[in-house]
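The primary structure of each chain is shown beneath.
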Amino acid sequence: MLDIKYIITNLDLVKEKTARRGAEFDFDTLLALDEERKKLILEGEELKQKRNEFSKSFPLIKKQGGDVETAQKEMKQVSERIAALDKELADVQERQRGMLLTLPNLVDDSIPVGKSEEDNTLYRDWGVKPSLAFEPKAHWDIAESLGLVDFERGTKVAGARFSAYKGMGAKLERALINFMLDTQSSRGYTEVMTPFLVNAASMTGTGQLPKFEEDAFKCERDGLYLIPTAEVPVTNLYAGEILDEADLPIKHCAYSPCFRREAGSHGKDVRGLIRQHQFNKVELVKFVKPEEGWKELELLLSDAENILQLLGIHYRVMTLSTGDIGFTSAKTYDIEVWLPGQDCYREISSCSCFMDFQARRANIRYRKPGDKRLDFVYTLNGSGLAVGRTFVAVLENYQLPDGRISVPEVLRPYLGGAEIIG
RNA sequence: GGAGAGGUGGCCGAGUCAGGUUGAAGGCGUACGACUGGAACUCGUAUGUGCGUGAAAGCGUACCGAGGGUUCGAAUCCCUCCUUCUCCGCCA
């Protein structure tokens, strides 16, 4: 959420940056609501002052035997007027907040301007495409033939886009989770394990609501949502709090399953593990001082990349264009891993700086010791990494001519020393 | 799920059972100043957030878990909800 005062004083800039995303927004109505809001506050507070003054003098007047009844009657009317104004004000404020919650974040000037993912630009890459001396298989074939994933039975128990890992497949998934958590912990991220169901306030805080309700699984009876990413519970851990500057940066890593409806993805990636309604992810979340936000984004990206480097898998980093970047983000890097079985790069991590956009929604502030005023923190997050897709990448990049999988060096301690799967 | 007791400022804790100048006593903590060679102790002063207004100082207004009600006036009375603790039941 953007600051209404900032919008008013920087209207042209905000309009231009919103347009750069290709987003539409009715700024005129927003500003009119703000005028209305101020008018109502002014009139209401004048009347409240009047009422307060009377209330203070009331006991005195009564003591002196003065006429109280006329004033009482008058004050009753004043109170009724105040109540009406307050109600109107609450309505205007709610409408204004409702609008502000649907206005996307300002894009950073460093990101490419464009209409879609076609306009994303290469930031850097690492490693090289493996040159396999045989025709690489897709992960679903490998997983099926080695008995690592049972797609059919997963679908039987839950439906399409659900699968069941088994045997070494289940162990490999678990190994990846532990490997990622251990690695990120050793790089200064404090591990947290948070609820997998969250309330609407949390979903609003990180920006999934109100605009993207249809993407989430919801428990209607309880008003709870299955998290689409650990970003939601972890970021909202500090909602409404005032942090000490000395505690910043706060860095967390968290494992969680992620649940997504994948609305609008019908017929896309129907085979394999790439697009599931439920997948595992290790998420990185940071709360930092504004002046350190951009530096921290680069560090966050490095921490995510590090996992693929340790696994020895080729990838590239893309800077998302204004047409592809998410609603809440000011700047996002996607890490795309190379998948030989599908002969393409696939997103395996998304690292974003939200500036104070989420902090404003979730009301996360911090206090500087010397400075009296409070300031919103910057929040950042990124996958470190998406586990399911890492599983896919390991299978496709480490497949052997005989159909088996050689286990990446760093994962062997997590698999009882196993060097080969199959 | 049942019964009971609570939720007040950074923390502790009065005030609620007699509604009125209570943003809220007192203490702790913190900051600054005085004292000191330096420190402890002691003393003094200050110490919430949002919003409106203003160049600023300031002034005004709201907030005592959340929301609603009664009243000229609510931290205080009434209702609903959330949450914490204790006991019972159930359960991994």
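Per chain, residues are indexed from 1 in the order of the written sequence. A letter from A marks each chain and a number from 1 marks each ligand, given out in the order of writing. With the structure being a predicted model, the display of local features is reserved for residues of pLDDT at least 70 and the display and counting of side-chain atom pairs for 80 or more, all residues being used for whole-chain, interface and lining totals. Side-chain numbers here rest on the full set of heavy atoms in the structure, without hydrogens or water.

K.L.:
How do you make sense of unusual backbone geometry when you look at a structure like this?
P.N.:
In the segment running from L248 into P249, the intervening peptide bond is cis, with an omega of -5 degrees. Relative to the assigned elements, P249 resides in the loop between β8 (242-244) and β9 (250-259). Along the chain, G384 connects to L385 via a cis peptide bond; the corresponding omega equals 15 degrees. Put simply, DSSP marks the helices as runs of H or I at least four residues long and the strands as runs of E at least two long, and each gets a number from the N terminus on. If you trace the backbone, L385 turns up in strand β16 (residues 378-386). Within the chain, E262 stands out as a residue other than glycine whose phi angle is a positive 55 degrees. As for its position among the elements, E262 is in the loop between β9 and β10 (278-288). The phi angle at D269 is positive, at roughly 50 degrees, despite the residue not being glycine. If you trace the backbone, D269 turns up in the loop between β9 and β10. For every residue, the accessible area (1.4 Å probe, protein chains only) is compared with the maximum for its type, and the residue is labelled buried under 20%, exposed over 50%, or partly exposed between those bounds. On the basis of relative accessibility, which here comes to 22%, the residue D269 falls in the partly exposed class.

K.L.:
Is there a simple way to explain the side chain of K286 in this structure?
P.N.:
Inspection of the secondary structure puts K286 in strand β10. Using a relative accessible area of 0% as the deciding quantity, one classes K286 as buried. Whenever two N or O atoms come within 3.5 Å, that pair is a polar contact, provided that in protein one can donate a hydrogen and the other can accept it, and provided that, for residues adjacent in sequence, both atoms are side-chain atoms. Reaching out from K286, the side chain makes a polar contact with the side chain of E296 at a distance of 2.6 Å.

K.L.:
What's the story with the domain arrangement of chain A in this structure? I'm lost.
P.N.:
What counts as a domain boundary in this text is fixed by an automatic or database domain assignment. Taken domain by domain, chain A comprises domain 1 (4-100) and domain 2 (117-421). Using only C-alpha atoms to locate each centre, domain 1 and domain 2 end up separated by 44 Å.

K.L.:
Can you help me understand the nonpolar core in this one?
P.N.:
As a rule of thumb, nonpolar side chains are buried together in soluble globular proteins. By convention a nonpolar core is built from buried Ala, Val, Leu, Ile, Met, Phe, Trp, Tyr and Cys residues, the set being connected through side-chain atoms within 4.5 Å. By size, the foremost hydrophobic cluster in this structure holds 55 residues, and its most contacted members are L172 and L176. In what follows, a contact means two residues having at least one pair of non-hydrogen atoms within 4.5 Å. When residues no more than four places from it in sequence are discounted, the contact partners of L176 are L311, V387, T390, F391, V394 and L411. Counting 27 residues, the second-largest nonpolar core is a separate cluster that includes L2, L30, L40 and I82.

K.L.:
In this structure, what is going on with the protein's contact with RNA strand B? I would like to understand it.
P.N.:
When we say a residue is near a molecule or strand, we mean one of its heavy atoms is within 4 Å of it. Taken together, 23 residues surround RNA strand B, and among them R37, E45, F58, K76 and S79 come closest. Looking at RNA strand B alone, sugar and phosphate atoms form 71% of those within 4 Å of the protein. Within the contact set of RNA strand B, a sugar or linking oxygen lies 3.2 Å away from a side-chain nitrogen or oxygen of R365. At the level of elements, α3 (27-63), α4 (69-100) and β14 (365-367) are the ones that each hand at least two residues to the surface near RNA strand B. It is α3 that provides the largest number of residues to the surface near RNA strand B, a total of 14 residues. Looking at the surface near RNA strand B, its residues break down into seven nonpolar, five polar and eleven charged. In this classification, Asp, Glu, Lys and Arg are treated as charged, Ala, Val, Leu, Ile, Met, Phe, Trp, Tyr, Cys and Pro as nonpolar, and every other residue, Gly included, as polar.

K.L.:
Explain the packing of aromatic side chains to me, please; I cannot follow it from the model alone.
P.N.:
For any pair of aromatic rings, the description rests on two quantities: the centre-to-centre distance and the angle between the ring planes. Paired rings are identified among Phe, Tyr and Trp, the last through its six-membered ring, by centres lying within 6.5 Å, and are further divided according to the angle between planes into stacked (under 30 degrees), edge-to-face (over 60) and tilted (the rest). Taken as a whole and judged by the stated rule, the model has ten aromatic pairs. Taking the centre distance of 4.9 Å and the plane angle of 65 degrees together, the rings of F25 and F27 count as edge-to-face. The pair F25 / F27 is uniform in exposure class, with both members buried. Seen in terms of ring centroids, F327 and F357 are 5.8 Å apart; in terms of plane orientation they differ by 80 degrees. Their pairing is edge-to-face. Taken as a pair, F327 in the loop between β11 (315-319) and β12 (331-339) and F357 in helix α11 (residues 357-362) lie far apart in primary sequence, 30 residues in all. Assessed through its relative accessible area of 0%, F357 is described here as buried.

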